Amino acid sequence: MNSRTDHLNECSPVGGNRCELEENLAVLRGVEAFSSLPIQRLKLYAYVSRRLCYRAGEFLFHQGASDDLGYIVIKGKLQIVRELRDRSVLLHELKEGDFFGGLALLSNVPRLFSVKALTDVECLVMNREGFQKLLLQSPETAVKVLDVVIKRIVVMEEKLLQAQTCECVFG
């Protein structure tokens, strides 16, 4: 485990009659990148996932940082923010069922943005090592994850370009 993940808040155990593995499986079934996987494969992803909680106002990660986690929002709302020299630009808001941070599951690259909790948040997370071990068994998952990640990057890039265009025209 790296230093970033050493101090994260593990969530309390899942309550009710369902076990955490079943709950994680239900979350994954609702995410585009994972929903079409065979149930046995999906169970493996559910098994290597864990739940982390964050308080409103807390950053999950900062732009430029390196870590190895991909996230799915279980509860709460978050903001994706790009830090510029003189200001921050809101690129996207995340809600229940959204998957983000997928590039970190595929490669050790710096984060392109910061993510901040707007409310108290619970996320299902998996790390690169566990994800990549499973990926070797089902490489088609990489294509699905990349598709989701690329679509999100295009949306955020468009918002960032619009913000910079306004600055150039009016600034």
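Before any of the text, the structure's been laid out above.
Residues numbered from 1 in each chain as written. Predicted model: local features only at pLDDT ≥ 70, side-chain atom pairs only at ≥ 80, totals over all residues. Heavy atoms only, no water.

Draft legend 1. Structural view of the packing of helix 3 (residues 39–48) against helix 5 (residues 128–137). Where helix 3 contacts helix 5, the axes come no closer than 10 Å and their chain directions differ by 170°. With respect to each other, helix 3 and helix 5 are oriented roughly antiparallel. Between helix 3 and helix 5, the contacting residues are Arg41, Leu44, Tyr45 and Val48 on the first element and Phe131, Leu134, Leu135 and Gln137 on the second. Considered class by class, the residues forming the contact of helix 3 with helix 5 number 6 nonpolar, 1 polar and 1 charged. (Axes fitted to C-alpha atoms, helices over the stretch in contact; angles between N-to-C directions. Helix = DSSP H or I, 4+ residues; strand = E, 2+ residues; numbered from the N terminus. Parallel < 35°, antiparallel > 145°, perpendicular 65-115°, else oblique. Contact = heavy atoms within 4.5 Å. Nonpolar A, V, L, I, M, F, W, Y, C, P; charged D, E, K, R; others polar.)

Draft legend 2. Region of interest: the pattern of salt bridges. Summed over all chains, the structure comprises 8 salt bridges. For Asp98, the salt bridge goes to Lys95, with nearest N and O atoms at 3.7 Å. Note that Glu129 and Lys133 form a salt bridge whose closest N and O atoms lie 3.3 Å from each other. Here Glu129 pairs with Lys133, and both are found in helix 5, just 4 residues apart, close to one helical turn. You can call Lys133 exposed: its relative accessible area is 52%. One network of salt bridges, with partners in common, ties together Glu32, Asp147 and Lys151. (Salt bridge = Lys/Arg side-chain N within 4 Å of Asp/Glu carboxyl O. Buried < 20%, exposed > 50% of the residue type's maximum accessible area, 1.4 Å probe, protein only.)

Draft legend 3. Region of the structure containing helix 5. Taken residue by residue, helix 5 has Arg128, Gly130, Phe131, Leu134 and Leu135 as its buried positions. Down the axis, helix 5 shows its buried residues gathered within 165° of arc, on one side only. Across helix 5 from its buried face, at more than 90 degrees, point the exposed residues Glu129, Lys133 and Leu136. The residue sitting at the N-terminus of helix 5 and contributing the capping side-chain oxygen is Asn127; that oxygen lies 3.3 Å from the backbone nitrogen of Glu129. (Arc of directions from axis to C-beta. Polar contact = N/O pair within 3.5 Å; in protein donor to acceptor, adjacent residues only side chain to side chain.)

Draft legend 4. Structural view of the sheet that holds strand 3 (residues 59–61). Reading across from one edge, 3-8-5-6 is the order of the 4 strands in this open sheet, with antiparallel pairing throughout. Either end of the sheet is taken by a strand with one partner, and the two such strands are strand 3 and strand 6 (88–94). Adjacent strand axes in the sheet meet at a mean angle of 30° when their direction is disregarded. Two strands pair when backbone bridges link them, and strand 3 and strand 8 (residues 114–117) are joined in this way by 2 bridges, in the antiparallel orientation. Its bridge partner being in strand 8, Phe59 is matched across the sheet by Lys116. (Pairing = 2+ DSSP bridges.)

In short, shape yes, function no, at least from these values alone.
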